[in-house]
Amino acid sequence: PDDWDHVQIHTDQLLVTALYCDRLGLPPEFGDALAKGVRAGGYHATHALLAWIWVHENRCSLAVPEGFADEMYRAVAAILEDRPTIVNDLKLEAAGFLCLARQAARVNPAFILQVVALQQPDGGWGRLDTPDPANPDGSSWHSSVLALLLLLHVSFPAAPETTES
């Protein structure tokens, strides 16, 4: 991209590189950068996973050590396993990206039910980092998009038909 110098945040650099890899190629150290993100955990690991997904969707070649993908999936799934009753933005990102990577089996169905139960009256999830004084209870756009991404990839059994008396 023309404005590459404006991409300053490391996780954003990973994502932009992956997003444009079909046009610009990947730097030789990109696999190492993903591995470093996975080892760092948290948002670094989730962004490494999203970059990995985009590299594959863009059909770009990337050499990584044997077992790297499984290590990455385990690291992101571990985010969900830490304090499993908590639902927050990071966990929504981990679950959504695992599903996007076709790793939904690593997301505990109980977590998904918690996400559904925590939907707020405005239809979203989470809270804004800087609440809007006009709407102090407004949902976070980021958490809401991630929750919807997660729910897009799961299916719920159909409700049983009821008979009217």
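Relevant structure appears above.
Fair warning: this is a prediction, and the values are worked out from it, not measured in the lab.

### Considerations on the environment of L90
With respect to the helices and strands, L90 occurs in helix α6 (residues 89-100). Residue classification places L90 among the buried residues on the basis of a relative accessible area of 19%. On a C-alpha basis, the gap between L90 and T46 in space is 8.1 Å, while along the polypeptide they are 44 residues apart. Here L90 is in contact with G42, Y43, T46 and I79, once residues within four sequence places are set aside.

### Concerning α6
Taking 1.5 Å per residue, 12 residues should reach 16 Å; α6 reaches 16 Å between its end C-alpha atoms and fits that length. Burial analysis of α6 places 11 of its 12 residues in the buried class, the great majority of the element. Those residues of α6 that sit buried are D89, L90, K91, L92, E93, A94, A95, G96, F97, L98 and C99. Where α6 is buried, its residues contact α4 (42-57), α5 (68-81), α7 (109-117) and α8 (141-152). In this structure N88 caps α6, since a side-chain oxygen of it lies 3.3 Å from the backbone nitrogen of L90.

### So, the nonpolar core
Among the nonpolar cores identified, the biggest contains 43 residues, and L34, L49, L98, V107, F111 and L150 are the most heavily contacted of them. For this core, the secondary-structure elements that each account for two or more residues are α1 (10-19), α3 (30-40), α4, α5, α6, α7 and α8. Excluding residues within four positions of it along the chain, L49 makes contact with M72, Y73, V76, F97, L98 and A101.

### Considerations on the pattern of salt bridges
Considering all chains together, one arrives at 3 salt bridges under this definition. Across the pair R74 and D70 runs a salt bridge whose closest N-O atoms are separated by 2.4 Å. Linking R74 with D70, this pair stays in helix α5, spanning 4 residues, or about one helical turn. Residue R74 is classed as partly exposed on the basis of its relative accessible area, which comes to 46%. D70 gets classed as partly exposed once you look at its relative accessible area, which sits at 34%. Linking D70 and R106 is a salt bridge whose minimum nitrogen-to-oxygen distance equals 2.5 Å. Within this pair, whereas D70 is found in helix α5, its partner R106 is found in the loop between α6 and α7, the two being separated by 36 residues in sequence.

Rules and cut-offs
Residues numbered from 1 in each chain as written. Predicted model: local features only at pLDDT ≥ 70, side-chain atom pairs only at ≥ 80, totals over all residues. Heavy atoms only, no water. Helix = DSSP H or I, 4+ residues; strand = E, 2+ residues; numbered from the N terminus. Buried < 20%, exposed > 50% of the residue type's maximum accessible area, 1.4 Å probe, protein only. Contact = heavy atoms within 4.5 Å. Expected span 1.5 Å × (residues − 1). Polar contact = N/O pair within 3.5 Å; in protein donor to acceptor, adjacent residues only side chain to side chain. Core = buried A, V, L, I, M, F, W, Y, C linked by side-chain atoms within 4.5 Å. Salt bridge = Lys/Arg side-chain N within 4 Å of Asp/Glu carboxyl O.

Remember that the coordinates give geometry; whether it matters functionally is a separate question.
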